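Analysis of the macromolecular model
Letter by letter, the chains look like this.
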Amino acid sequence: SSNRTGSSPLTFILTSIPGLLMSSYWMALPLCCLYLLMLLGNCTFLWMIKTDHSLHTPMYYFLSMLALADLGLSLSTLPTMLAIFWFESTSLRFEACIVQMYFIHSFSAIESGVLVAMAFDRFVAICYPLRYTSVLTSSLIMKAGGVIFMRGICVVLPVAVLIKKMPFCRSRVLSHSFCLHQDMLRLVCRDVKVNSLYGLTAVILTKGLDSLTILLSYTMIIRTILSIVSQETQAKAFSTCISHLCAVLIFYIPLIGLSIIHGFGKHLPRLTHTLLADAYLLVPPVLNLLVYSWKTKQIRRQILILLCRKGP
């Protein structure tokens, strides 16, 4: 068996949640509502930042990058998730699977980079408040955004190129409702050491370094906060970091769990793999929106203004 049999194109079979009928509309309807909330919420969030000049600050520029990354993740998984639960369509062409895999991992790397930029924003704001505006200039933010997006695009590209050349001769049933690199790699019938090594390198260069940078930033932030005499000032300084800390935990906890499961939890039920993958890709875009809407006064104010305009 080779990559393609005769003239028939290679296809993968996606799976829904184990034990759940694909045509379960009670599952499809909440999924649609979830995606609608993600799309409308993040688009509204971006529109508010663009139109309200009081939100044209470094923190909100980074928030808009986070919203774009969340939108990218949502749109990457949207077609196959809804196709499975609404139309019972589980087959996906090999090329389409690679494209989806590429965008999922790229936007995931981009989101990780944005979280690092936001940690740097909090570090400068708390440790060097008098130099905040001179350090975080519009030019620096644009360059940082460009580097973050280019890194996500370029680091993941070899992953897609390498796996495109691989033959798939085992079962072509994937474990999730979307394509992930680790999931596709287990179906390859050739030595995958190079693919695995580069995949690990890409993770270390993005999420590995990012998590260490965020940890270092918060070590210095906590040291600075503890050196403040006034407890009220300490609480106020720490409260400015709560939203970002929540976003970091929301992103990294499912990611770490999924990595551990793929590496050491092959004996665990398929449901565990599926739920962790879904949490990794679907939960952060929704919770980030809710956390920043709840914790940020300016955003709450803009939401109230919008609601009042739509009222009678």
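Bear in mind the structure is a predicted one, so any value in this text is a computation, not a measurement.

1. A short note on the pattern of salt bridges
On inspection of all chains with the given rule, the structure shows four salt bridges. Here D121 ties to R122 by a salt bridge, and the two come within 2.8 Å at their closest N and O atoms. For D210, the salt bridge is made with R151, and the minimal N-O distance between the two is 2.7 Å. Of this pair, D210 sits in helix α7 (residues 193-226) while R151 sits in helix α5 (residues 138-164), and the two are 59 residues apart along the sequence. D210 gets classed as buried once you look at its relative accessible area, which sits at 5%.

2. Brief notes about the UniProt feature "transmembrane region" (unreviewed entry) in the protein
Residues given the UniProt feature "transmembrane region" (unreviewed entry) here are residues 25-49, 61-87, 99-120, 140-163, 211-229, 241-265 and 271-292. Taken end to end, residues 211-229 comprises 84% helix and 0% strand; its first and last C-alpha atoms sit 30 Å apart.

3. Examining the nonpolar core
Ranked by size, the top nonpolar core spans 83 residues in total, and within it L115, F168 and M184 carry the most contacts. Among the secondary structure elements, those contributing two or more residues to this core are α1 (25-51), α2 (58-87), α3 (94-127), α5, α6 (181-185), α7, α9 (242-264) and α10 (270-295). Those residues in contact with M184, other than ones at most four positions away along the chain, are F12, F94, C97, I98, M101, I163, F168, L174 and C179.

4. Let's talk about the packing of aromatic side chains
Under the criterion given, the structure shown has eight aromatic pairs. One aromatic cluster in this structure is built from F12, F94 and F168. In this structure, R131 packs its charged tip against the face of Y128, placed 5.9 Å from the ring centre.

5. Examining empty space enclosed by the protein
Tallying each qualifying case throughout the model produces one cavity of 30 Å³ or more. In this structure, the largest cavity spans a volume of roughly 60 Å³. N42, F45, L63, L66, A67, D70, N288, L289 and Y292 together form the lining of the largest cavity. Looking at the lining of the largest cavity element by element, the count peaks at four residues for α2.

6. A few points about the environment of L40
One can find L40 in helix α1. Taking the relative accessible area as the measure of exposure, L40 reaches 52% and is therefore exposed. C-alpha separation for the pair L40 and L71, spaced 31 residues apart in sequence, amounts to 9.7 Å.

7. Describing the side chain of S217
Tracing the chain through its elements places S217 in helix α7. Not counting chain neighbours up to four residues away, the residues in contact with S217 comprise A119 and F123.

8. A word on the packing of α3 against α5
Put simply, α3 and α5 touch, their axes get as near as 8 Å, and they point 150° apart. As summarised for this structure, α3 and α5 are arranged roughly antiparallel, according to the angle between their axes. In this structure, the crossing between α3 and α5 has a hand that is right-handed. In contact with F94, I98, M101, Y102, H105, S106, A109, I110, S112, G113, V114 and A117 of α3, α5 contributes I148, F149, R151, G152, I153, V156, L157, V159, A160, I163 and K164.

Rules and cut-offs
- Residues numbered from 1 in each chain as written.
- Predicted model: local features only at pLDDT ≥ 70, side-chain atom pairs only at ≥ 80, totals over all residues.
- Heavy atoms only, no water.
- Salt bridge = Lys/Arg side-chain N within 4 Å of Asp/Glu carboxyl O.
- Helix = DSSP H or I, 4+ residues; strand = E, 2+ residues; numbered from the N terminus.
- Buried < 20%, exposed > 50% of the residue type's maximum accessible area, 1.4 Å probe, protein only.
- UniProt positions renumbered as here; feature names shortened; annotations may be inferred.
- Core = buried A, V, L, I, M, F, W, Y, C linked by side-chain atoms within 4.5 Å.
- Contact = heavy atoms within 4.5 Å.
- Phe/Tyr/Trp six-rings, centres within 6.5 Å; stacked < 30°, edge-to-face > 60°.
- Lys NZ or Arg CZ within 6 Å of the ring centre and 35° of its normal.
- 1 Å grid on protein atoms, 1.4 Å probe; cavity = no way out; pocket = protein on both sides within 12 Å on 5 of 7 lines; lining within 4 Å.
- Points joined across faces, edges and corners; volume = space filled by probe spheres on them.
- Axes fitted to C-alpha atoms, helices over the stretch in contact; angles between N-to-C directions.
- Parallel < 35°, antiparallel > 145°, perpendicular 65-115°, else oblique.
- Left-handed = near helix turned anticlockwise from the far one by under 90°.

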